[in-house]
Amino acid sequence: MSIITALFRGRLGGFSLDARFDVPARGVTALFGPSGCGKTTVLRCVAGLTRLSDAALRVDGDVWQDGRRRFVPPHRRPVGYVFQEASLFPHLSVTDNLRYGQKRVRGETDRVAFDDVVALLGLARLLDRPTAVLSGGERQRVAIGRALLSQPRLLLMDEPLSALDRASKEDILPYLERLHDTLEIPVLYVSHDIAEVERLADTLVLMEAGRVRAVGPLADLLADPTLPLARLPEAAEVMEAEVVAVDAAYGLSTVAVPGGRLVVPGVAGDPGTRRRLRILAADVSLRRTATAEGESSILNVLPARITGAEPAGNHLMTVFLALGDDGTGAPLLARITRKSWDLLGLAPSQPVYAMIKGVALLDRG
Ligand SMILES: Nc1ncnc2c1ncn2[C@@H]1O[C@H](COP(=O)(O)OP(=O)(O)OP(=O)(O)O)[C@@H](O)[C@H]1O
């Protein structure tokens, strides 16, 4: 399997960085952590814009840096870089801005073709416009297109949505999801917004104070009791689901996840379609027994096992679960009151039923 192996160690002014991670060279890897933990610095090191001597970087077998011995300069690294704010040429049209970034890699057919970028990012309508008249979201789509046309082997995105208002963010997310599904270019995506990460990332690099606290598949880290993510007020779990059936009359779909089936709102796609779900811990409550049909308005009541629990503040508990009778299915989080925990006599390894009030389909399928 192709991987990105990175090690960046050194001091930048008063800041000390010691970041090491191995991640798959495919899909979206999110670098996530609080402000100032070093996410942008890591991205700059990957691009070669910040040079530390105690550093090594290997991308899919190619050595981009090996200590002082080898350092591929930034202009020779096949990366596309998308920043918070798109720096486009305001007097040039969208087409000219896109063409500006376009590179031909000698002896290779283009990994990314102009027309594909235009289609993928919905730019056809905008091609003749000067970029000065575009909205923030449109500008960012052009910036992503320009980065892709440089034929990168790695796309670096530094908080590409953070300068956008909520509506523009919602507009652009489906384009990012489409990139994710269509292109084979791996993405390193810096964000401090966990909801964005939950929507886009496959792999998570969790950073804290210049160090990598954990690396792994997103779903594993979200529900890892040793990490701070499950303690966030908006703690949630994501899981990959496959559409099993659609009930058009009620506007509901049944999807299969490891360890159970869920009913989700909306038409999730044809049977077999893969979708990503998010379930907030606050939307999951627990019962000791199953509900009989007609007893509850909650459609999703799934058997699960308690794998762990910890207090969340004075009055709440975060409960770690694994779906399925035998607890071998997908991880799930529940946030319940401490009183309920005590009244129900809950304990680790116990079988329970998870009542799931809300399931969100994250991607547009
Ligand atoms: N060249 C430099 N010289 C001195 N300090 C630096 C340099 N580059 C980065 N830093 C410091 O390193 C720390 C990490 O910065 P960085 O921008 O990587 O964090 P971040 O996690 O991306 O934060 P944010 O989410 O706020 O963008 C900051 O305290 C920053 O001031």
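Our subject is the structure that appears above.
Now for a description of the structure that goes with this document. In this text the structure is predicted, and so the values were computed from the model without any measurement.

**Overview of the site of the ligand**
Right, so step 1: The ligand sits among Leu12, Gly13, Phe15, Pro34, Ser35, Gly36, Cys37, Gly38, Lys39, Thr40, Thr41 and Glu159.
Right, so step 2: A distance of 3.2 Å is found between a nitrogen atom of the ligand and a backbone nitrogen or oxygen belonging to Leu12.
Right, so step 3: Contact distances for the ligand include 2.6 Å between an oxygen atom and a side-chain N or O atom of Ser35.
Right, so step 4: Element by element, the count of residues in the shell around the ligand is highest for helix 1 (residues 39-47), at 3 residues.
Right, so step 5: Residues belonging to the shell around the ligand are distributed by class as follows: 4 nonpolar, 6 polar and 2 charged.

**Observations concerning the sheet that holds strand 12 (residues 236-247)**
Right, so step 1: Pairing is antiparallel across the open sheet formed by 5 strands, whose spatial order is 14-13-12-15-21. A single partner strand is all that each edge strand has here, and the edge strands are strand 14 (260-265) and strand 21 (360-361).
Right, so step 2: Pairing of strand 12 with strand 15 (residues 274-280), which is carried by 7 bridges, proceeds in the antiparallel orientation. In the strand pairing of strand 15, Met239 is matched with Leu277.

**Thoughts on unusual backbone geometry**
Right, so step 1: Phi at Glu159 takes a positive value of approximately 45 degrees, unusual for a residue other than glycine.
Right, so step 2: With respect to the element layout, Glu159 can be found in the loop between strand 8 (154-158) and helix 5 (166-182).
Right, so step 3: Looking at Glu159, the relative accessible area reads 8%, which means it is buried.
Right, so step 4: Of note in this structure, Ser349 is not a glycine but carries a positive phi near 75 degrees.

**Topic: the packing of helix 4 (residues 136-149) against helix 5**
Right, so step 1: It is the contact of helix 4 with helix 5, at a shortest axis distance of 9 Å, that shows an interaxial angle of 20 degrees. Between helix 4 and helix 5, the angle is such that the two are roughly parallel. Seen along the crossing, helix 4 lies across helix 5 with a hand that is right-handed. Residue-level inspection shows Gly137, Gln140, Arg141, Ile144 and Leu148 of helix 4 in contact with helix 5, the latter providing Ser168, Ile172, Tyr175, Leu176 and Leu179.

**Section: the sheet that holds strand 19 (residues 331-337)**
Right, so step 1: Strand order in this open sheet of 5 strands is 16-20-17-18-19, and the pairing throughout is antiparallel. If you trace the sheet from one side to the other, it starts and ends with strand 16 (284-287) and strand 19, each paired once. Strand-to-strand twist across the sheet, computed as the mean angle between neighbouring axes with direction ignored, equals 45 degrees.
Right, so step 2: Pairing between strand 17 (residues 300-312) and strand 20 (residues 351-356): 6 bridges, direction antiparallel. Within strand 20, the position partnered with Ala304 by the bridge is Val352.

Thresholds, definitions, all that
Residues numbered from 1 in each chain as written. Predicted model: local features only at pLDDT ≥ 70, side-chain atom pairs only at ≥ 80, totals over all residues. Heavy atoms only, no water. Near = heavy atom within 4 Å. Polar contact = N/O pair within 3.5 Å; in protein donor to acceptor, adjacent residues only side chain to side chain. Helix = DSSP H or I, 4+ residues; strand = E, 2+ residues; numbered from the N terminus. Nonpolar A, V, L, I, M, F, W, Y, C, P; charged D, E, K, R; others polar. Pairing = 2+ DSSP bridges. Buried < 20%, exposed > 50% of the residue type's maximum accessible area, 1.4 Å probe, protein only. Axes fitted to C-alpha atoms, helices over the stretch in contact; angles between N-to-C directions. Parallel < 35°, antiparallel > 145°, perpendicular 65-115°, else oblique. Left-handed = near helix turned anticlockwise from the far one by under 90°. Contact = heavy atoms within 4.5 Å.

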